[in-house]
Amino acid sequence: MLVAPSILSADFGNLAKDVKAICNAGCDLVHVDVMDGHFVPNLTIGPVVVEAVANVATKPLDIHLMVEDNNFFVDLFAPLKPEYISFHIESERHANRLANKIKSLGIKPAIVLNPHTSISSLEYIIEDLDMVLLMSVNPGFGGQKFISAVAEKASRLKELILRKNPECLIEVDGGVSNKNIDILQSAGVDIVVAGSYVYKHPNGVKEAIESLK
Ligand code: DX5
Ligand code: ZN
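Rules used in this analysis
- Just so you know, the residues in each chain are numbered from 1, in the order the chain's sequence is written.
- Each chain is given a letter, starting from A, and each ligand a number, starting from 1, according to the order in which they appear as written.
- Owing to the predicted nature of the model, reporting of local features is limited to residues with pLDDT of at least 70; listing and counting of side-chain atom pairs is limited to 80 or more, with chain, interface and lining totals taken over all residues.
- With hydrogens and water stripped out, all remaining heavy atoms of the structure feed into the side-chain values.
- Runs of E in the DSSP output that reach at least two residues are strands. Runs of H or I that reach at least four are helices, and both are numbered from the N terminus.
- For Na, K and Ca the donor cut-off is 3.2 Å; for every other metal, N, O and S atoms count as donors within 2.8 Å. Water does not enter the count, which can leave sites looking incomplete.
- Think of it this way: with four donors and all angles in the 85 to 135 degree range, the site is tetrahedral; with four or six donors, opposite ones beyond 155 degrees and the rest between 65 and 115, it is square planar or octahedral; otherwise it is irregular.
- Using a 1.4 Å probe on the protein chains alone, a residue whose accessible area is under 20% of its type maximum counts as buried, one over 50% counts as exposed, and one in between counts as partly exposed.
- Here a residue is considered near a molecule or strand provided that any single heavy atom belonging to it is located within 4 Å of it.
- Each polar contact in these results corresponds to two N or O atoms within 3.5 Å; when the atoms are within protein, one needs to be able to donate a hydrogen and the other to accept it, and residues that are neighboring in sequence are counted only if both atoms are side-chain atoms.
- Each accessible area is a Shrake-Rupley result for a 1.4 Å probe, and residues are judged covered by the shown protein chains and nothing else.

Asker: It is not clear to me how unusual backbone geometry should be interpreted in this structure. Could you clarify?
Answerer: If a residue is not glycine, its phi is most likely negative; likewise, a peptide bond is most likely trans. Look at Lys-81: it is not a glycine, yet its phi comes out positive at around 50°. For Lys-81, the position within the fold is in the loop between α3 (70-77) and β4 (84-88).

Asker: Would you mind going over the coordination of the zinc ion (ligand 2) with me for this structure?
Answerer: Protein-derived ligands of the zinc ion (ligand 2) are His-31 (NE2), Asp-33 (OD), His-64 (ND1) and Asp-173 (OD), with the metal-ligand distances lying across 2.1 to 2.3 Å. Each of the six donor atoms bound to the zinc ion (ligand 2) contributes to angles spanning 70 to 170°, and the resulting shape is octahedral. When the donors of the zinc ion (ligand 2) are listed by position in the chain, the intervening gaps give H-x1-D-x30-H-x108-D. One end of the pair, His-31, is in strand β2 (residues 30-35); the other, Asp-173, is in strand β7 (residues 169-173), with 142 residues separating them in the sequence. On the basis of relative accessible area, His-31 is assigned to the buried category, the value being 0%.

Asker: Looking at this structure, how should I read the site of ligand 1?
Answerer: The environment of ligand 1 is formed by 20 residues, the closest being Gly-140, Gly-143, Asp-173, Gly-195 and Ser-196. Take Gly-143: an N or O atom from its main chain is 2.8 Å from an oxygen atom of ligand 1. Between ligand 1 and Ser-196, the relevant distance is 2.6 Å, taken from an oxygen atom to a side-chain nitrogen or oxygen of the residue. Considering ligand 1 on its own, with 380 Å² of exposed area, one finds that the protein chains cover 100% of that surface. Elements with a contribution of two residues or more to the shell around ligand 1: β2, β3 (61-66) and β8 (191-194). Sort the elements by how many residues they give to the shell around ligand 1 and β2 lands first, with three residues.

Fair warning: the whole summary comes from geometry, so function is off the table for now.
Quick look at the structure:
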């Protein structure tokens, strides 16, 4: 299982230190939550702060856009050369065009589905994606309760992936902890995002990441 800690739960007064800590503790990706205050009722960070994160991170960035104007934000973040940029299908009219634009910039495109969005929405785009991100909370905030229906959804997504694009990875984001990691692994999930579990773990980020792996 690959682990992508979300820096949303880091101490933003000591962001460089907290980014270095997860990289040194063996995380696989650094998950960056970008919120615009419109698509979700919260506002986070823009390119100045994400560039500072990229400068200290020794692991690739996994940028999760929770915004209305995906195109605008892709242009802002592409120069930072993240590994992935994921955008919500609920906010994108031209998902095929955007996925191919991200790919043409040398970045792996991923689509995110909110908890209520069916995997059938991916039927005609899965072949253009490197990853699908399934939300297991309603996007906008860290520290929310895991929505367990995501496990069955991941199993069904895995069937679609095996049929149409076996290279595509499945990532799950929201409320992930040592309590639900087994069920996610059984469902075929490849990468988990964990924010509060990693940064608020009583024994530190290293033990948290190792326990998920
Ligand atoms: C929620 C974000 C998540 C969040 C995860 O909108 O996409 O990445 O930070 O935090 P936890 O693991 O605390 O649910
Ligand atoms: Zn996220």
